[in-house]
Amino acid sequence: MKRKLADVAELHEGKGHCVKAGDIKLVIVKWQGAIYALENKCPHLGLPLGKGKIEGGEIVCPFHGSRFDIKTGANTDWIAAVAGIPLPVWTRGLLAFGKKPQPVKLFPASVDGGDVFVEL
């Protein structure tokens, strides 16, 4: 089901915009003129990604530094920091709590006029 979830004017280049559709929480990102919609939940511990920085086409989990490609959802780095403090590589496995790297879920997004629609 396609739903209007934002206005293009609400989005700022390279910054996440958090919305809710029923019980689904999303982050809508405008990056290089395109619009992407990701689940607002890091697959590591389920914490919100919405306040994470957008760097080089990736959203960075603000809690554990995991990175996800906003175009594909692919994980590009897993558990790289705690509260913004970088971790040595040897400690990352400990803080992963046995979880393997996973992608973040994407939802197809489109723009019609000034409205942002997301396929749920």
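If you're wondering where the values come from, they're calculated on a predicted model, not measured in any experiment. (Residues numbered from 1 in each chain as written. Predicted model: local features only at pLDDT ≥ 70, side-chain atom pairs only at ≥ 80, totals over all residues. Heavy atoms only, no water.)

What follows deals with the overall build of the protein. Looking only at helices and strands, the protein has 1 helix and 13 strands in total. Helices and strands appear in the protein in the N-to-C order β-β-β-β-β-β-β-β-β-β-α-β-β-β. Against the 2.2 N^0.38 benchmark of 14 Å for 120 residues, the protein shows a C-alpha radius of gyration of 14 Å, consistent with a compact globule. Residue burial in the protein is summarised as follows: out of 120 residues, 39% are buried. Taking the intrachain contacts of the protein between residues at least 6 apart in sequence as the baseline, contacts between residues at least 24 apart amount to 40%. On the protein, roughly 6600 Å² of surface is accessible, and the fraction owed to carbon and sulfur atoms is 57%. (Helix = DSSP H or I, 4+ residues; strand = E, 2+ residues; numbered from the N terminus. Rg over C-alpha atoms; globule rule 2.2 N^0.38 Å. Buried < 20%, exposed > 50% of the residue type's maximum accessible area, 1.4 Å probe, protein only. Contact = heavy atoms within 4.5 Å. Areas by Shrake-Rupley, 256 points an atom, 1.4 Å probe, with all protein chains shown as cover.)

Here we come to the nonpolar core. Generally speaking, soluble globular proteins have nonpolar side chains that are buried together. Residues Val29, Trp31, Leu38, Leu49, Ile59, Phe68 and Ile70 are the most contacted members of the largest nonpolar core, which totals 17 residues. When contributions to this core are tallied by element, the ones reaching two or more residues are strand E3 (24-31) and strand E4 (34-39). Take this core: its biggest share by element is 3 residues, from E3. Counting residues in each nonpolar core, the second largest holds 12 residues, with Leu11, Ala21, Ile35 and Ala37 among its members. (Core = buried A, V, L, I, M, F, W, Y, C linked by side-chain atoms within 4.5 Å.)

Turning our attention to the packing of aromatic side chains. In the structure shown here, the tally under the stated rule is 0 aromatic pairs. Stacked on the ring of Phe117, the Lys or Arg Lys2 has its end atom at 5.6 Å from the ring centre. (Phe/Tyr/Trp six-rings, centres within 6.5 Å; stacked < 30°, edge-to-face > 60°. Lys NZ or Arg CZ within 6 Å of the ring centre and 35° of its normal.)

This part is about the state of the cysteines. Summed over all chains, the structure comprises 0 disulfides. Lacking any disulfide linkage, Cys18 is separated from the closest cysteine sulfur, that of Cys61, by 12 Å. The thiol of Cys42 is not disulfide-bonded; the next cysteine sulfur, from Cys61, is found 3.9 Å away. (Disulfide = S-S within 2.5 Å.)

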